[in-house]
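So you can see what is in the structure, the chains are spelled out below.
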2 protein chains.
Amino acid sequence: MKLVLATKNKGKIAEIKEFLSDVKGLEVLSILDFPEDKIPPIEETGKSFEENAFIKAFTVAKATGLPALADDSGLEVDALGGKPGVRSARFGGEGITDAERNKKLLSLLENVPSKERSARFRCCMVLVVPPEFEKYVAEGVCEGYITTEPRGSHGFGYDPIFYLPKYGKTMAELTRSEKNKISHRGKALEKMKEIIRSLVND
Amino acid sequence: MKLVLATKNKGKIAEIKEFLSDVKGLEVLSILDFPEDKIPPIEETGKSFEENAFIKAFTVAKATGLPALADDSGLEVDALGGKPGVRSARFGGEGITDAERNKKLLSLLENVPSKERSARFRCCMVLVVPPEFEKYVAEGVCEGYITTEPRGSHGFGYDPIFYLPKYGKTMAELTRSEKNKISHRGKALEKMKEIIRSLVND
C-alpha cells in the first residue's frame, strides 16, 4: 500500500518514514514526490488540531487518490486558557524565531507560580483513505510545565521551555529517540501505525 | 484495562464484547454496569456520525473516569443527497417499525432506476481516554444498492433493503458472522481494536 504524508517538512517526513519503516508492504511518500500543480494549496483554517489535520489529509487524499496522513499539533497552557493551541506555530507573529516566540510566552506567564504553569503538547493525526475517504484519528498528549527560562538545544519550537517532571528535563534536553517515545507526536503515531498496519493487511 | 461501551443496546454490547474478547488484559463493561444516576442523559445532537459518537463516548468517559467507546452509524443514499444519514434511526418518525421505515425509504426511490440507487452504510467509532480525553476515531464503510423490496430476515434496520452486489444478497440475507466481516461496524471495529490493543499494552 502507498501512503502519502501531507507535509513538506523534511524533518517530519524523515521522522515518520523511520517510524513506519517496520510496516511490511507499506511505501511511504510525501507531497514532495508529486508535481507541485497536482496538490492544491492547503489553508489551515480549522478551529482545532483535528480540523487542520483533516483539511490537509483530505486535500492530499483527494488530489492523489492515495491514503494520506497529516498531523497538527501545538501547546496548550492552562494559565492561558489553553492558548496558544491551534495558533502555536504562529503565536507572537508569523516571521519571528522559536526563541522569540518562547520569550513572548514566558513574558505572559511572568507572575504565574510554578504549580500553575501546567501545560501539554497535543498532537492530532488524521488518516484519510480513498475512495470513500474513511477517516481515522489518533491523538497523543504529553503533560508538563512551562519553565521560567529556556533550557536544552535539541528539538524545536517550544521544546526548551517545556519541562517534564518525570525526567527532570525540558523536552529540548531529551535525545531524539527519548523524545519519540514520550512525545505527543510519538504517541499519536504509535496508535496510527496500528491502523495503517491493519489497512495494509486488508 | 477497563473499557466502557457507551450504549444500552444489549445486542450491540454482546456483539462488541465478542469482537474484543481476544484482546488480552481488557475488561469490557457497558453503561448498564453503572448506577443509572452516574451517567448523565446523552443527547445525540451532533451534525455527523462522528459528533454523535464523540458526545456519547466523552460523556461516559467523563462520568466513569474510564476509557469509553461509542459508535454512530447510518445509511447514506446518493439519490437522496446522502439522507437519511445521521437521522437514519429516526427517519420517517420516532415510533415507527423498521419495516415501516424501509417502506417509506423505498417509496421515496420509486422512480429511481437501479443503477442510481447506490448507497452506503457508514459507521463512526470514537474512543475517548481519560484523564486527558484523547480521542481516537475509526470509520467503516460498506457500499451497496437499495433494493425495490425487502429481502431476508437477519440483522435489523435497513438490512433487508440494502443489496450487496458482491454477495448477490441483501445484508439481511447474510449470517451474523458474514455480516461482521464486511459490515461498516465490523470494519470500524477491526481498526479500533488495534488502537485498544495498543492502549492495553501501554
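Before any of the text, the structure's been laid out above.
Residue positions are given per chain, counting from 1 as you read along its sequence in written order. The naming scheme follows written order: chains are lettered A onward, ligands numbered 1 onward. Reporting in this predicted model follows two pLDDT cut-offs: at least 70 for local features of residues, and 80 or more for side-chain atom pairs to be given and counted; totals over whole chains, interfaces and linings ignore these cut-offs and use all residues. No hydrogens and no water enter the side-chain calculation; it runs on all heavy atoms of the structure.

Caption draft 1: Layout of the interface of chain B and chain A. Every residue pair with non-hydrogen atoms within 4.5 Å of one another is taken to be in contact. Each partner contributes residues to the interface: chain B has 20 residues there, and chain A has 20 residues. Note on terms: buried area is the combined drop in 1.4 Å-probe accessible area of two parts once they are placed together, counting the loss on both. Summed over both sides, the interface of chain B with chain A buries roughly 1800 Å², with 46% coming from carbon and sulfur. A per-residue breakdown of the area chain B buries against chain A is headed by Glu132(B), Glu139(B) and Lys191(B), which together make up 30% of the total. Salt bridges are counted wherever a side-chain nitrogen of Lys or Arg sits within 4 Å of a carboxyl oxygen of Asp or Glu. Where chain B packs against chain A, one counts seven salt bridges. Residue Glu132(A) pairs with Arg122(B) through a salt bridge whose shortest N-O separation is 4.0 Å. We define a polar contact as two N or O atoms separated by no more than 3.5 Å, with the added condition that, inside protein, one atom must be a possible hydrogen donor and the other a possible acceptor, whereas residues neighbouring each other in sequence contribute only through side-chain atom pairs. Between chain B and chain A we count eleven residue pairs in polar contact (both at pLDDT 80 or more) in total. Contributing elements (two or more residues each) for the side of chain B that touches chain A: strand E5 (118-129), strand E6 (134-146) and helix H5 (184-200) of chain B. Counting residues per element, the side of chain B that touches chain A draws most heavily on E6(B), at eight residues. The way it works is that DSSP assigns letters per residue, a run of H or I at least four long becomes a helix, a run of E at least two long becomes a strand, and they are numbered from the N terminus.

Caption draft 2: Summary view of unusual backbone geometry. With an omega of 0°, the peptide bond between Lys83(B) and Pro84(B) qualifies as cis. For Pro84(B), the location among the structural elements is in strand E4 (residues 83-84). Of note in this structure, Phe133(A) is not a glycine but carries a positive phi near 55°. For Phe133(A), the location among the structural elements is in the loop between strand E5 (118-129) and strand E6 (134-146).

Caption draft 3: Highlighting the pattern of salt bridges. Scanning the model with the defined rule gives 39 salt bridges over all chains in all. Taking the shortest distance from any N to any O, the salt bridge between Glu50(B) and Lys135(A) comes out at 2.5 Å. One end of the pair, Glu50(B), is in helix H2 (residues 49-64); the other, Lys135(A), is in strand E6, on a second chain. Each residue is assigned to one of three classes by its accessible area relative to the maximum for its type, calculated with a 1.4 Å probe on protein chains only: buried under 20%, partly exposed between the two thresholds, exposed over 50%. The buried category is assigned to Lys135(A), whose relative accessible area is 11%. The shortest N-O distance in the salt bridge between Glu139(B) and Arg122(B) comes to 2.9 Å. With Glu139(B) in strand E6 and Arg122(B) in strand E5, the pair connects residues that are 17 residues apart, well separated along the chain. Because the salt bridges share partners, they merge into one network encompassing Glu76(A), Asp78(A), Arg120(A), Arg122(A), Glu139(A), Glu143(A) and Glu132(B).

Caption draft 4: Examining the layout of surface pockets more closely. Here the term cavity refers to a set of points on a 1 Å grid, laid over the protein atoms alone, in which a 1.4 Å probe fits but cannot get out; the term pocket refers to an open set having protein on both sides within 12 Å along at least five of seven lines, with lining residues being those that place an atom within 4 Å of a point. Grid points are joined across faces, edges and corners, and a volume is the space filled by probe spheres set on the points. In this structure, the largest pocket spans a volume of roughly 1300 Å³. Lining the largest pocket are 47 residues; nearest its centre among them are Asn9(B), Lys12(B), Ala89(B), Phe156(B) and Arg185(B). Only helix H1 (10-20), H2, strand E3 (68-77), helix H3 (98-108), helix H4 (176-182) and H5 of chain B provide two or more residues apiece to the lining of the largest pocket. Sort the elements by how many residues they give to the lining of the largest pocket and E3(B) lands first, with six residues. For the second largest pocket, the lining is made up of 37 residues, of which Asn9(A), Lys12(A), Glu44(A), Lys56(A) and Ala89(A) are closest to its centre. The set of elements that each furnish at least two residues to the lining of the second largest pocket consists of helix H2 (49-64), strand E3 (68-77), helix H3 (98-108) and helix H5 (184-200) of chain A. With four residues, E3(A) is the largest single contributor of residues to the lining of the second largest pocket.

Caption draft 5: Structural view of the nonpolar core. For the purposes of this section, nonpolar cores are sets of buried Ala, Val, Leu, Ile, Met, Phe, Trp, Tyr and Cys residues that join through side-chain atoms within 4.5 Å. One finds Leu69(A), Leu127(A), Leu69(B) and Leu127(B) to be the most contacted residues of the largest nonpolar core, which totals 44 residues. Not counting residues within four places of it along the chain, the set of residues in contact with Leu127(B) comprises Leu3(B), Pro67(B), Ala68(B), Leu69(B), Glu134(B), Lys135(B), Tyr136(B), Met192(B), Ile195(B), Ile196(B) and Leu199(B). Ile31(A), Ala53(B), Ala70(B) and Val128(B) belong to the second largest nonpolar core, which has 35 residues in total.

Caption draft 6: Structural context of the packing of helix H1 (residues 10-19) of chain A against H5(A). All names here are of chain A. Running from amino to carboxyl end, H1 crosses H5 at an angle of 45°, the nearest separation of the two axes being 11 Å. The angle between H1 and H5 places the two elements in the oblique class. Between H1 and H5 lies a crossing whose hand is right-handed. Contact with H1, carried on its side by Lys12, Glu15, Ile16 and Phe19, involves Arg185, Gly186, Leu189, Glu190 and Lys193 of H5 and no other residues of that element. In the scheme used here, Gly and all other residues not listed as nonpolar or charged are polar, with Ala, Val, Leu, Ile, Met, Phe, Trp, Tyr, Cys and Pro taken as nonpolar and Asp, Glu, Lys and Arg as charged. Here the contact of H1 with H5 is composed, by residue class, of three nonpolar, one polar and five charged. To get an axis, fit a line to the C-alpha atoms, keeping to the stretch in contact for a helix; angles then go from 0 to 180 degrees between the N-to-C directions. Here the angle decides the label: under 35 degrees means roughly parallel, over 145 means roughly antiparallel, 65 to 115 means roughly perpendicular, and every other value means oblique. Working rule for handedness: look at the near helix, and if it is turned counterclockwise from the far one by less than a right angle, call the crossing left-handed; if clockwise, right-handed.

Caption draft 7: A look at the packing of aromatic side chains. Ring pairs are drawn from Phe, Tyr and Trp, using the six-membered ring of Trp, whenever the two centres fall within 6.5 Å, and their geometry is named by plane angle: stacked under 30 degrees, edge-to-face over 60, tilted for the rest. Scanning the model with the defined rule gives six aromatic pairs over all chains in all. With 5.5 Å between their ring centres and 20° between their planes, Phe54(B) and Phe58(B) make a pair best called stacked. Highlighted residues: Phe54(B) and Phe58(B), both in helix H2, separated by four residues, approximately one helical turn. The partly exposed category is assigned to Phe58(B), whose relative accessible area is 27%. In this structure an aromatic cluster arises from ring pairing among Phe54(A), Phe58(A) and Phe133(A). By the criterion adopted, a ring carries a charge over it if an Arg CZ or a Lys NZ lies within 6 Å of its centre and within 35 degrees of its normal. A cation over a ring is seen here: Lys193(A) above Phe19(A), with NZ or CZ 4.7 Å from the ring centre.

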